[in-house]
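One-letter residues, chain by chain:
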Amino acid sequence: MGILFFGVIGVIVLVFLFMALINRYRRCPSDKILVIYGNKGMSRSAKCVHGGGAFVWPIIEDYAYMSLTPISIDANLTNALSRQNIRVDVPCRFTVGISTEPESMLAAAERLLGLSAQQIQELARDILFGQLRLVIATMSIEELNSDRDKFLEAISANVEVELKKIGLRLINVNVTDIKDESGYIEALGQEAAAKAINEAKVRVAEQEKIGEIGKAEAVRETRIRTAEANAEAVRGENEAKIDIANSEANRREKEAEAQRKATAAEKVAQAKALEEAYAAEQKAEEARADRERSTQTANVIVAQEIEKKRLVISAEAEAEQKRVNAKGEADAIFAKMEAEAKGLFEILTKQASGYDKMIQAAGGDATKAYTLLLLEKLPELVKTQVEAIKGINIDKVTVWDNGSGDGKTSTANFLSGLMKSVPPLAELFDQAGMALPEYLAKKKDDAAEDTANQPAKD
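Below: a short report on this structure.

With respect to the pattern of salt bridges
Here's step 1: Applying the stated rule across the entire model yields 20 salt bridges.
Here's step 2: For Lys165, the salt bridge identified is with Glu162, shortest N-O distance 3.4 Å.
Here's step 3: Two residues, Arg310 and Glu307, come together in a salt bridge whose shortest N-O distance is 2.2 Å. Here Glu307 and Arg310 lie together in helix α6 (residues 184–361), a separation of three residues that amounts to about one turn.

Below is the structure:
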């Protein structure tokens, strides 16, 4: 019995605890924000929930609601200084509310939780007045009065940033009539009214001008149409007369045509008879011409064709003979040139072989071999030098002695100079890039020196 009692008590306690936990689950209405705070384990100072629900732990957590109802704020700004240093009165009405963005909800929970709507309104009004003055200070009177879209955009851009810092957002801005203490805006209105009146007067005058022009055009159109109708009547009368004249001309033309056709028919019949007679004569002449042509063809053309074929055959035979002769001459020239090339090749080959053996005989020294080859030609070179002055025909030589007193006569000097004009053998070798052998190139002084250096014979 006691066990049953304690079991019932335990069940009741569990049910009570379960109901208590369920009772701690809080649902957030759509027009409010649920703020849960008090738990030190949270990463932020509070947890904000909108459009759902959350469990609130007993003892360690608590909750509160913030209303999303829009707040209307009158901001009747007076004596605000514009960019032109003109003071204006700008009556405005702002509509603000708590933002549902996560960052803005957290900022509102930190700065607005527990404040009444009146307190939030006063806090927002101070921010709005300050930002409104900043916006007016950057704009001229004309922009404030005429470009309201730019004015409202500037207010929204500046106010939105500052309101977001405390978790609010700007919903709407209404700006009523702007006034200034100097009457500048009123003067602008009067100027605009005068301008509108003048433009209206111009439009009225323009319409009157258009009316007068239209009236004149209507009169002109009437006169033109009347003249056109008269001209059309005259044109109709003239066309009727023309039709009558044309009808009469057509009658006469048809009568003439009928007469012409009758006369032409008679002449055509006569011409046709003559044509048939001429055709018969023509056929007879053509037959006679064909007979004559056949006779001429047989007598002349056939003979000429035979002569033509004979000439063609003769020309072809002559051309063939020329081609054969030309080919024979070309073959003979080719054979001759080929034989000369072979002979020249054999000569050069033999010379190269001889030069190679001469170099081998000189011990492989090409310079010595060249010298030996030049020595073979030495008699011819000497002969050439002698022949250079051999053919000179000296009939008479007149020499003037300059009296130098060197013991030589002028005639001797002349002959000596004449012999020196012939290139010496040593200079010929030098010009050829070679040197004479030592036994040929010794000078007189060297020979004398060699004789002096020889020992005396007993």
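Observations concerning helix α2 (residues 102–111)
Here's step 1: Where α2 is concerned, the buried positions are Ser104, Met105, Leu106, Ala107, Ala108 and Ala109.
Here's step 2: On its buried face, α2 is in contact with β2 (32–37), β3 (46–49), β5 (62–67), β7 (87–98) and α5 (148–164).

With respect to the sheet that holds β2
Here's step 1: Spatially, the three strands line up as an open sheet ordered β3-β2-β5, and their pairing is antiparallel. Edge positions in the sheet fall to β3 and β5, since each of these pairs with one other strand and no more. This sheet shows a mean twist of 25 degrees between the axes of neighbouring strands, independent of strand direction.
Here's step 2: Bridge count between β2 and β3: four bridges; the pairing is antiparallel. Across the sheet, Leu34 pairs through a bridge with Val49, a residue of β3.

So, a nonpolar patch on the surface
Here's step 1: A surface patch of nonpolar side chains, about 670 Å² in accessible area, is lined by Val8, Ile9, Ile12, Val13, Leu14, Phe16 and Leu17.
Here's step 2: Relative to the helices and strands, Ile12 resides in helix α1 (residues 2–23).

Things to note about the packing of aromatic side chains
Here's step 1: According to the stated counting rule, one finds one aromatic pair in the structure shown.
Here's step 2: Centroid distance Tyr63 to Tyr65: 5.9 Å. Interplanar angle 80 degrees. Geometry classified as edge-to-face.

Things to note about the nonpolar core
Here's step 1: In this structure, Phe94, Ile136, Phe151 and Leu163 are the most contacted members of the largest nonpolar core, which totals 41 residues.
Here's step 2: Those elements giving two or more residues to this core turn out to be β2, β6 (71–81), β7, α2, α3 (117–137), α4 (141–146), α5 and β8 (168–175).
Here's step 3: Considering every element that reaches this core, the biggest residue donor is α3, with seven residues.
Here's step 4: With sequence-adjacent residues up to four places away left out, Ile136 is seen in contact with Leu77, Ala80, Leu81, Ser82, Arg83, Val88, Val90, Leu144 and Phe151.
Here's step 5: With six residues, the next largest nonpolar core counts Leu34, Ile36, Val49 and Val56 among its residues.

Parameters and conventions
- Residues numbered from 1 in each chain as written.
- Predicted model: local features only at pLDDT ≥ 70, side-chain atom pairs only at ≥ 80, totals over all residues.
- Heavy atoms only, no water.
- Salt bridge = Lys/Arg side-chain N within 4 Å of Asp/Glu carboxyl O.
- Helix = DSSP H or I, 4+ residues; strand = E, 2+ residues; numbered from the N terminus.
- Buried < 20%, exposed > 50% of the residue type's maximum accessible area, 1.4 Å probe, protein only.
- Contact = heavy atoms within 4.5 Å.
- Pairing = 2+ DSSP bridges.
- Axes fitted to C-alpha atoms, helices over the stretch in contact; angles between N-to-C directions.
- Patch = residues over 30% accessible without salt bridge, like charges linked within 9 Å, V, L, I, M, F, W, Y side chains within 5 Å.
- Areas by Shrake-Rupley, 256 points an atom, 1.4 Å probe, with all protein chains shown as cover.
- Phe/Tyr/Trp six-rings, centres within 6.5 Å; stacked < 30°, edge-to-face > 60°.
- Core = buried A, V, L, I, M, F, W, Y, C linked by side-chain atoms within 4.5 Å.

By themselves, these figures tell us nothing about what the structure is for.
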